[in-house]
Amino acid sequence: RWHTMSQSLLDNWSEEGCAAAISEAAASPADPSAPNPLKVVLHDLSSAVVRGALEPERLVTVLSDVALVDRALLPRVQSDLADIFWFLGLRIEAEKSDEDGDGAPKQQLLALVAALLQAELVAPELLKARLDPEMLQEAGLVASHADFHRAQVRLNTRALYTQQKYNLLREGSEGYSKLVTELAELPAGPRDGTSTRGCTRAAEVVANVQSLIGYFDLDPNRVLDLVLEALEAVPSRASHRSLVELFNPQYLPHVLGFKFQFYKGEAEATPLSLYALCGLLLKQGAVELEQVLPHLEPSLPKLREMHAADVARQVAAAKRIGSVLFGDAKPAPAEEAEAEAEADGGAARMQPLGVLSALLQLREWGSASRLMELLDGVDVASYPPVGAALCRIVDFLTKPAYATVSVGARLLPSKEVQKPPAPAAAEARPAEGGGSQGRQGVRGGDAGHHRRARGGGGQVPPAEARHRRDPRQR
């Protein structure tokens with residue numbers, strides 16, 4: 001429809017008809033599956049100028065007439081014309097052959113661009129952003145396309161690739177030293193006394209950290225790494241969520257995962273404090289379990305393979321119990337010991353199981369249950385820390401039920417009952433006038449009491465001990 005309208009407009013040219021076609025195309029709703037109507041009309045008119053079927057001045061007259069074209073459409077018309085000029089320039093370069101050496105279409109396009117620039121209907125900055133450097137030089141917008149291309153590359157490099165961390169050797173050391181000092185002031189609890197200036201509010205430390213980042217232009221990723229180090233050193237500081245929320249949550253899993261990757265393939269096992277920090281962040285919702293798992297070593301499929309191989313080794317060892325092997329069939333004791341040591345050492349480096357153990361110790365059952373579901377096929381309870389954590393959870397859940405009927409609860413009194421009574425005033429102070437002899441008598445009595453307790457095979461209860469020392473009190 002719009003191509004037909006443009007062709008009819010070119011056959012019967014009138015300024016009013018051209019302006020009406022442009023306004024109607026601009027007001028027509030855009031269809032995502034069809035070309036933009038305004039671009040179609042402007043493209044047909046510009047193509048007619050390139051072919052020589054329409055003078056550039058006629059199109060410029062229509063677009064510059066305020067009574068014909070609404071000024072509100074001018075920014076949209078400018079943007080569409082810049083795209084059309086770029087497309088026509090590429091098509092002319094592709095269709096140009098050695099026989100056609102006059103370059104008439106290219107000259108017509110450049111004349112249209114020059115006329116629009118003279119009438120201020122197209123902004124030069126817009127054309128510099130859309131057109132090729134060669135076409136800009138031919139249109140007179142730049143002096144040299146080579147210099148313009150070099151300046152453009154230099155500007156893009158400075159804007160996108162140049163790092164502005166020039167102060168790493170100037171003010172960076174001072175900024176990071178102040179940052180470490182400020183992190184040490186973070187209170188670890190409501191009655192923490194580690195702050196040198198008596199800081200009891202985490203908001204004060206968070207505000208100072210934010211000020212240090214802006215004043216010294218510190219790298220946020222390095223600051224986040226130091227913050228995680230401070231939280232790992234004192235896990236109770238992780239309760240101040242405002243400090244972690246100061247950073248982009250998308251970068252937190254990567255910085256935390258980099259800490260786990262540091263121990264990949266190292267002889268040193270992953271420290272328990274790092275597992276505790278990861279568990280605390282998962283419990284607070286600062287990171288998600290699915291964001292941390294890709295950074296852990298080994299991966300979940302590899303962990304299943306390692307567990308299956310360990311189970312096969314243990315089953316094979318169990319089958320050899322009670323059997324008599326002769327000759328080469330008998331495995332060497334050194335090989336068995338090496339396989340067991342390798343299995344034990346590998347279990348200590350299974351980071352997903354370490355994170356699971358930390359979650360169970362924190363009683364974060366939501367994340368722990370999801371992780372155990374992902375570890376389907378792996379006997380997580382066979383890992384000693386995980387098994388011990390599960391036992392503590394079971395003991396915590398069942399203790400209120402059997403504490404009142406437990407035999408151990410009846411035989412073992414509470415700590416308050418087990419405390420020995422305070423010594424009498426006569427035993428604590430020497431008798432008046434006794435001097436050193438009284439004090440020696442007290443020490444001698446205590447020594448005799450300890451000797452009798454050791455000789456009897458256990459500590460004598462305090463009441464019974466007093467009866468033995470003074471038979472007259474019976």
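Computed from a predicted structure; not experimentally measured.

## Remarks on helix H6 (residues 104-118)
Piece 1. Here H6 contains 15 residues, and its C-alpha end-to-end distance of 21 Å stays within 8% of the 21 Å for a straight helix at 1.5 Å per residue.
Piece 2. If you check which residues of H6 are buried, you get Lys106, Leu109, Leu110, Leu112, Val113, Ala115, Leu116 and Leu117.
Piece 3. On its buried side, H6 packs onto helix H3 (37-51), helix H4 (56-64), helix H5 (74-95), helix H7 (124-130) and helix H8 (133-138).

## So, the confidence of the model for the protein chain
Piece 1. This prediction gives the protein chain a mean pLDDT of 77; 73% of its residues lie at or above 70.
Piece 2. Confidence drops under pLDDT 50 across residues 415-474; counting only partners more than four residues distant or on other chains, this segment forms 22 contacts.

## Observations regarding the nonpolar core
Piece 1. The biggest cluster of nonpolar side chains holds 56 residues, and the ones touching the most others in it are Val223, Val355 and Leu375.
Piece 2. Excluding residues that lie within four positions of it along the chain, Val355 makes contacts with Phe260, Tyr275, Cys278, Leu282, Leu296 and Leu371.
Piece 3. Counting 43 residues, the second largest nonpolar core, distinct from the first, contains Cys18, Ile22, Leu54 and Leu136.

## Notes on the environment of Ala139
Piece 1. Relative to the helices and strands, Ala139 resides in the loop between H8 and helix H9 (145-160).
Piece 2. Expressed as a C-alpha distance, the spacing of Ala139 and Leu112, which sit 27 residues apart in the sequence, is 9.8 Å.
Piece 3. If we ignore the near neighbours within four places in the chain, the residues touching Ala139 are Leu110 and Val113.

## Regarding a nonpolar patch on the surface
Piece 1. Together, Trp86, Phe87 and Leu90 line one region of the surface with nonpolar side chains, adding up to about 280 Å² of accessible area.
Piece 2. Mapped onto the elements of the fold, Trp86 is located in helix H5.
Piece 3. Judged by its relative accessible area of 38%, Trp86 is partly exposed.

## A short note on the packing of H3 against H6
Piece 1. At a closest axis distance of 7 Å, the pairing of H3 and H6 adopts a crossing angle of 125 degrees. In terms of axis orientation, H3 runs oblique to H6. Where H3 crosses over H6, the handedness of that crossing is right-handed. Note on element contacts: H6 touches H3 through Pro105, Gln108, Leu109 and Leu112, opposite Ser46, Val49 and Val50.

## Quick look at the packing of H4 against H6
When two helices pack together, their arrangement is given by the angle between the helix axes and by the axis-to-axis distance.
Piece 1. One way to put it is that H4 packs onto H6 with a least axis distance of 9 Å and a crossing angle of 30 degrees. In terms of their interaxial angle, H4 and H6 are classed as roughly parallel. With respect to the hand of their crossing, H4 and H6 are arranged in right-handed fashion. Seen from H4, the contacting residues are Pro56, Leu59, Val60 and Leu63; seen from H6, they are Gln108, Ala111, Leu112, Ala115 and Leu116.
Piece 2. In terms of residue class, the contact of H4 with H6 is built from eight nonpolar, one polar and no charged.

## Describing H3
Piece 1. Helix length check: H3 (15 residues) gives 21 Å between terminal C-alpha atoms against 21 Å at 1.5 Å per residue, within 8%.
Piece 2. H3 sits mainly inside the fold: 13 of its 15 residues count as buried.
Piece 3. Backbone nitrogen of Leu38 and a side-chain oxygen of the N-cap are separated by 3.1 Å at the start of H3; the cap is Asn36.
Piece 4. Just downstream of H3, Gly52 is the residue with a positive phi angle, here 90 degrees.

## As for the pattern of salt bridges
Piece 1. With the rule as written, the count across this model stands at ten salt bridges.
Piece 2. With a shortest N-O distance of 3.5 Å, Glu55 and Arg58 are connected by a salt bridge.
Piece 3. Of the charged contacts, one joins Lys259 and Glu229 as a salt bridge, the two residues approaching to 2.6 Å between their closest N and O atoms. A residue pair is termed long-range when its members are at least 10 positions apart, and Lys259 in helix H14 (residues 252-262) and Glu229 in helix H12 (residues 220-233) qualify at 30 residues.
Piece 4. If you follow the salt bridges from partner to partner, you end up with Lys39, Asp83 and Arg130 in one network.

Rules behind the numbers
- Residues numbered from 1 in each chain as written.
- Predicted model: local features only at pLDDT ≥ 70, side-chain atom pairs only at ≥ 80, totals over all residues.
- Heavy atoms only, no water.
- Helix = DSSP H or I, 4+ residues; strand = E, 2+ residues; numbered from the N terminus.
- Expected span 1.5 Å × (residues − 1).
- Buried < 20%, exposed > 50% of the residue type's maximum accessible area, 1.4 Å probe, protein only.
- Contact = heavy atoms within 4.5 Å.
- pLDDT = per-residue confidence, 0-100.
- Core = buried A, V, L, I, M, F, W, Y, C linked by side-chain atoms within 4.5 Å.
- Patch = residues over 30% accessible without salt bridge, like charges linked within 9 Å, V, L, I, M, F, W, Y side chains within 5 Å.
- Areas by Shrake-Rupley, 256 points an atom, 1.4 Å probe, with all protein chains shown as cover.
- Salt bridge = Lys/Arg side-chain N within 4 Å of Asp/Glu carboxyl O.
- Axes fitted to C-alpha atoms, helices over the stretch in contact; angles between N-to-C directions.
- Parallel < 35°, antiparallel > 145°, perpendicular 65-115°, else oblique.
- Left-handed = near helix turned anticlockwise from the far one by under 90°.
- Nonpolar A, V, L, I, M, F, W, Y, C, P; charged D, E, K, R; others polar.
- Polar contact = N/O pair within 3.5 Å; in protein donor to acceptor, adjacent residues only side chain to side chain.

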